[in-house]
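Listed below are the residues making up each chain.
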Amino acid sequence: MKRRKKDLIIVESPSKAKTISHYLGDSYEVKASMGHVKDLPANKMGVNIERDFEPEYVIIKGKEKVLKELKKAAKSANKVYLASDPDREGEAIAWHIANEIGVPDKTFRIVFHEITKRAIEEALKNPEGIDIRKVDSQQARRVLDRLVGYSLSPLLWRRIDKGLSAGRVQSVALKLICDREKEIEEFVPEEYWKIEALLGYENTNFVAELFKVKGEKIQRLSKDEAEDIFKRLNGQSFFLDKVEKKQKKVKPKPPFITSTLQQEAFKFFGFTSKKTMMIAQQLYEGIDIPGKGYTALITYMRTDSVRVADHALKSVRSFIKKRFGTSYLPSKPNEYKTSSSSQDAHEAIRPVNVDLTPDDLRGKIPSDHLKLYELIWRRFVASQMKPAVIDSTIFEIKSGDYTFKATGSVLKFEGYRKVYEDTKDKDVVLPEASEGTEFTVLEIKKTQHFTKPPPRYTEASLIKTLEEKGIGRPSTYATIVSTIIDRGYVVRDKKALIPTPLGRIVSEVLVRNFPKIMDVSFTASMEEDLDRIAKGEIQWRESIKNFYMSFSKELEKASENLMKLDNYSPLKCEKCGSPMVLRKSKYGKFLACSAYPKCRNVKSLNQVEGVKNGRKGKNKGYKKRA
Ligand SMILES: [Zn+2]
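A quick note: this is a predicted structure, and the numbers were derived from the prediction, not measured.

**Looking at the overall build of the chain**
Point 1. Within the chain, the regular secondary structure consists of 17 helices and 23 strands.
Point 2. Principal-axis analysis of the C-alpha atoms gives the chain an extent of 100 × 75 × 45 Å.
Point 3. Scored against the burial criterion, the 626 residues of the chain give a buried share of 51%.
Point 4. Counting contacts in the chain only where the partners sit at least 6 residues apart, residues at least 24 apart contribute 73% of the total.
Point 5. By element, 49% of the accessible surface of the chain is carried by carbon and sulfur atoms, the whole surface being about 31,500 Å².
Point 6. Looking at the chain, you have 117 positive and 86 negative side-chain charges, and the mean spots of the two groups are 5 Å apart.

Rendered as structure tokens:
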């Protein structure tokens, strides 16, 4: 008897394949392509500029066998469904596979944002063709990054050191980090003073701070001013002049998108973006849970949309009602706005089954996975709960010409914070007192302060900034920071990102020679172009051509300029203030003080003072790829 032909589903990863097999009957065969099967070649540019930027794709080394198997399975299958991830990267993977297996008449594309039985069956009912606009957008990004990386890197080799490389978006991120470092170095702290009074009434003590003198708001107090006021306040009475009571409602934050997930996972657990994305991917693709088999736990983790599917809204609302009662459930679902640049077909990152609580999974999945799942689960549940209600009280307290202010705040109703504690603010209680009440003065203090420079970026604050400035997309944030660290341009000191001398020189060379590539708003406009290509509004080759016309001019000019460049670096000698310059020894390049031989200060290119994990030695092992 002849066996019935099966339908073939092709996905990227084995665990996703296992999860899908788990949900579908055995009339389907599910195979994994193990990521991309084709890409630009590793050993040359691979973009034919003369032939309209034609990418010269090759089969990725080691993928021949996988492709052969896919081809064979496709031939004997009834239908072929390409089920790679629902974004541009996934679309490009599907496209490459479709071209290779060569059975266009029975090949379809299916898209789902969560790997559940319901979502897959729904997708199988609505098979589509490959969305070539998304593929084009992905091709444009790849070609753009390749053109830039392959052109900039050799210039860095000639100017600084062998083996260096520079990527398009990463270089702009590096510039932001270097600019911040410069700001910190040039920052001159200013001294100022504060005057505070510790006051008491009945059994409550509280602190009030001087904020007005003769009815005028004070700016920064100098030491002399503070001493003068301090003397005048000695032995004076303090009266409550004005009481203001307000009720504040604090709404929950929207469910996670890629950038906010990365930021919060960093804040709560210190996870790098790369780690967060790796774990999130596994939660999305499915984990083998004892007693349950391969189960997907969250929706797709690369998204910039806060939209939530109707069925998920229904489930979470009934969960909240059941678990916490109606006092925590808003009368209608909370709505959130997605930023305008987002492709709204996507959904927020949420648990696929809200009834599967973190407690249900404790001990059944690895602890870091549980942490991230719990964070996503809590944020999602909280996003559909009622606001927290805070009673706030402001006292204006007078003592002669001087007005002090004290602010109290007490949590009246915890609302969503029952599930998601996004603040560690403790209650500040002010006494119940009416206007005219005299307070006991327990202590008056004057304290010295200094203005502070802006803080160094952390991975979380950098991603936030990149997102605000429109640079990078959910699929790229995680690799931006890891790439500049791998290249030795930046080191991580606890949470802070500090540029190495090498990173600062690279950034400076690029800014001087490629102002456009290093320009934040230009990079943001390129990202917008990629979005417009994905929407079918512009043609990808047209967009690349426009870019290349101005880029090739910059490139030509830079090549000439580099020939006559000195050994300049943007760093100053910390011993004598003279510029540091690039020098070469038999051990490689290093920085030396230009006041040599008067000053003999030298610096390694990869080391940051006081930070251990600077990369040592030469730049061996750096990726030369764009
Ligand atoms: Zn010096």
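On we go from here.
**Some details on the coordination of the zinc ion**
Point 1. Every protein donor of the zinc ion is listed here as Cys 573 (SG), Cys 576 (SG), Cys 593 (SG) and Cys 599 (SG), and their distances to the metal cover 2.3 to 2.4 Å.
Point 2. For the zinc ion, the four donor atoms in the first shell make angles of 96 to 117° at the metal, a pattern classed as tetrahedral.
Point 3. Positions of the donor residues of the zinc ion along the chain correspond to the pattern C-x2-C-x16-C-x5-C. Here Cys 599 lies in the loop between strand E22 (588-593) and strand E23 (602-603) and Cys 576 lies in the loop between strand E20 (568-572) and strand E21 (579-585), a separation of 23 residues in the sequence.
Point 4. A residue is classified by how much of its surface remains accessible, and Cys 599, at 11% relative accessible area, is buried.

**Thoughts on the pattern of salt bridges**
Point 1. Taken as a whole, this structure holds 42 salt bridges when the rule is applied.
Point 2. We note a salt bridge from Lys 44 to Glu 56, for which the minimum N-O separation is 3.6 Å. Taken together, the residues span a long stretch of sequence, with Lys 44 in the loop between strand E3 (38-39) and strand E4 (47-48) and Glu 56 in the loop between strand E5 (54-55) and strand E6 (58-59) at a distance of 12 residues.
Point 3. Accessibility expressed as a relative area gives 45% for Lys 44, which makes it partly exposed.
Point 4. Of the residues examined, Glu 56 reaches a relative accessible area of 27% and is grouped as partly exposed.
Point 5. A salt bridge links Lys 253 to Asp 422, with the nearest nitrogen and oxygen atoms 3.4 Å apart.

**Regarding the packing of helix H5 (residues 132-159) against helix H16 (residues 520-534)**
Point 1. It is the contact of H5 with H16, at a shortest axis distance of 7 Å, that shows an interaxial angle of 150°. As far as their axial angle goes, H16 and H5 are roughly antiparallel. Along its contact with H5, which presents Arg 133, Lys 134, Asp 136, Ser 137, Ala 140, Arg 141 and Leu 144, the element H16 presents Met 526, Glu 527, Leu 530, Ile 533 and Ala 534.
Point 2. Its residues assigned to classes, the contact of H5 with H16 shows six nonpolar, one polar and five charged.

**Some details on helix H14 (residues 477-486)**
Point 1. Most of H14 sits out of view: eight of its 10 residues are buried.
Point 2. Every buried residue of H14 is listed here: Tyr 477, Ala 478, Ile 480, Val 481, Ser 482, Thr 483, Ile 484 and Ile 485.
Point 3. Residues of H14 that are buried sit in contact with helix H6 (168-186), helix H8 (258-269), helix H9 (273-285), helix H13 (459-468), strand E18 (490-493) and strand E19 (496-499).
Point 4. Remark: Gly 488 follows H14 within two positions and exhibits a positive phi of approximately 80°.

**Regarding the pairing of strand E2 (residues 28-32)**
Point 1. Across five bridges, strand E1 (residues 7-11) lies against E2 in parallel orientation. Residue pairing for E2: Asp 7 is matched across the bridge by Tyr 28.
Point 2. Each parallel crossover has a hand, and for E1 linked through helix H1 (residues 14-23) to E2 it is right-handed.

**Quick look at the sheet that holds E23**
The pairing of strands in a sheet happens through backbone hydrogen bonds and is either parallel or antiparallel.
Point 1. Strand order in this open sheet of four strands is E20-E21-E22-E23, and the pairing throughout is antiparallel. In this open sheet, the two edge strands, each paired with only one partner strand, are E20 and E23.
Point 2. Bridge count for E20 against E21 is two bridges, and the pairing is antiparallel. Of the residues in E21, the one forming a bridge with Tyr 568 is Val 581.
Point 3. Against the sheet, helix H15 (residues 501-513) touches E20, E21, E22 and E23, its axis set at about 130° to E20.

**Remarks on the confidence of the model for the chain**
Point 1. When pLDDT is averaged along the chain, the result is 92, and 96% of the positions lie at 70 or above.
Point 2. Low confidence marks residues 614-626, where pLDDT is under 50. Its contacts with residues over four positions away, or in another chain, come to 41 contacts.

**Considering the sheet that holds strand E7 (residues 80-82)**
Point 1. The strand order across the open sheet formed by four strands is E2-E1-E7-E8, and the pairing between neighbours is parallel. Here the strands that pair on one side only, and so sit at the sheet edges, are E2 and strand E8 (107-109). Strand after strand, the sheet turns through a mean of 25° between neighbouring axes, direction not considered.
Point 2. As paired strands, E1 and E7 are joined by three bridges and run parallel to one another. Within E7, the position partnered with Leu 8 by the bridge is Val 80.
Point 3. Helix H2 (residues 64-76) rests against E1, E2 and E7 of the sheet, and its axis sits at about 165° to E2.

**Concerning H1**
Point 1. Considered for burial, the residues of H1 that qualify are Ser 15, Lys 16, Ala 17, Thr 19, Ile 20 and Tyr 23.
Point 2. Elements that come into contact with the buried residues of H1 comprise E1, E2, helix H4 (117-125), H9 and strand E14 (293-295).

**Overview of the packing of aromatic side chains**
Point 1. The tally for this structure, following the rule as stated, stands at 21 aromatic pairs.
Point 2. Relative to Phe 439, the ring of Phe 206 has its centre 5.2 Å away and its plane inclined at 85°; by these criteria the two rings are edge-to-face. With Phe 206 in strand E10 (residues 204-213) and Phe 439 in strand E17 (residues 438-450), this pair connects stretches of sequence that are 233 residues apart. Phe 439 shares its class with Phe 206; the two are buried.
Point 3. Both rings, one in Phe 514 and one in Phe 551, keep their centres 6.1 Å apart while their planes meet at 40°; by these two values the pair is tilted. With a gap of 37 residues between them, Phe 514 in the loop between H15 and H16 and Phe 551 in helix H17 (residues 540-563) connect regions that are remote in the sequence. For the pair Phe 514 and Phe 551, one class covers both residues: buried.

**Some remarks on the layout of surface pockets**
Point 1. The calculated volume of the second largest pocket comes to roughly 660 Å³.
Point 2. Lining of the second largest pocket is provided by 27 residues; of these, Glu 181, Glu 185, Arg 504, Pro 570 and Leu 571 occupy positions nearest its centre.
Point 3. Looking at the lining of the second largest pocket, the elements that each hand over two or more residues are H6, E19, H15 and E20.
Point 4. Considering only residue class, the lining of the second largest pocket consists of 10 nonpolar, four polar and 13 charged.

**Comments concerning the environment of Glu 609**
Point 1. Following the sequence through the fold, Glu 609 ends up in the segment after E23.
Point 2. Glu 609 sits 125 residues away from Ile 484 along the chain, and the two C-alpha atoms are 18 Å apart.
Point 3. With residues up to four places along the chain from it excluded, the contact list for Glu 609 reads Glu 574 and Lys 603.

About the thresholds
- Residues numbered from 1 in each chain as written.
- Predicted model: local features only at pLDDT ≥ 70, side-chain atom pairs only at ≥ 80, totals over all residues.
- Heavy atoms only, no water.
- Helix = DSSP H or I, 4+ residues; strand = E, 2+ residues; numbered from the N terminus.
- Buried < 20%, exposed > 50% of the residue type's maximum accessible area, 1.4 Å probe, protein only.
- Contact = heavy atoms within 4.5 Å.
- Areas by Shrake-Rupley, 256 points an atom, 1.4 Å probe, with all protein chains shown as cover.
- Lys, Arg positive; Asp, Glu negative; His and termini not counted.
- Charge placed at Lys NZ, Arg CZ, Asp CG, Glu CD.
- Donors = N, O, S within 2.8 Å, 3.2 Å for Na, K, Ca; no water.
- Tetrahedral: all angles 85-135°; square planar, octahedral: opposite > 155°, others 65-115°.
- Salt bridge = Lys/Arg side-chain N within 4 Å of Asp/Glu carboxyl O.
- Axes fitted to C-alpha atoms, helices over the stretch in contact; angles between N-to-C directions.
- Parallel < 35°, antiparallel > 145°, perpendicular 65-115°, else oblique.
- Nonpolar A, V, L, I, M, F, W, Y, C, P; charged D, E, K, R; others polar.
- Pairing = 2+ DSSP bridges.
- Right-handed = clockwise from strand over helix to strand, strands pointing away.
- pLDDT = per-residue confidence, 0-100.
- Phe/Tyr/Trp six-rings, centres within 6.5 Å; stacked < 30°, edge-to-face > 60°.
- 1 Å grid on protein atoms, 1.4 Å probe; cavity = no way out; pocket = protein on both sides within 12 Å on 5 of 7 lines; lining within 4 Å.
- Points joined across faces, edges and corners; volume = space filled by probe spheres on them.

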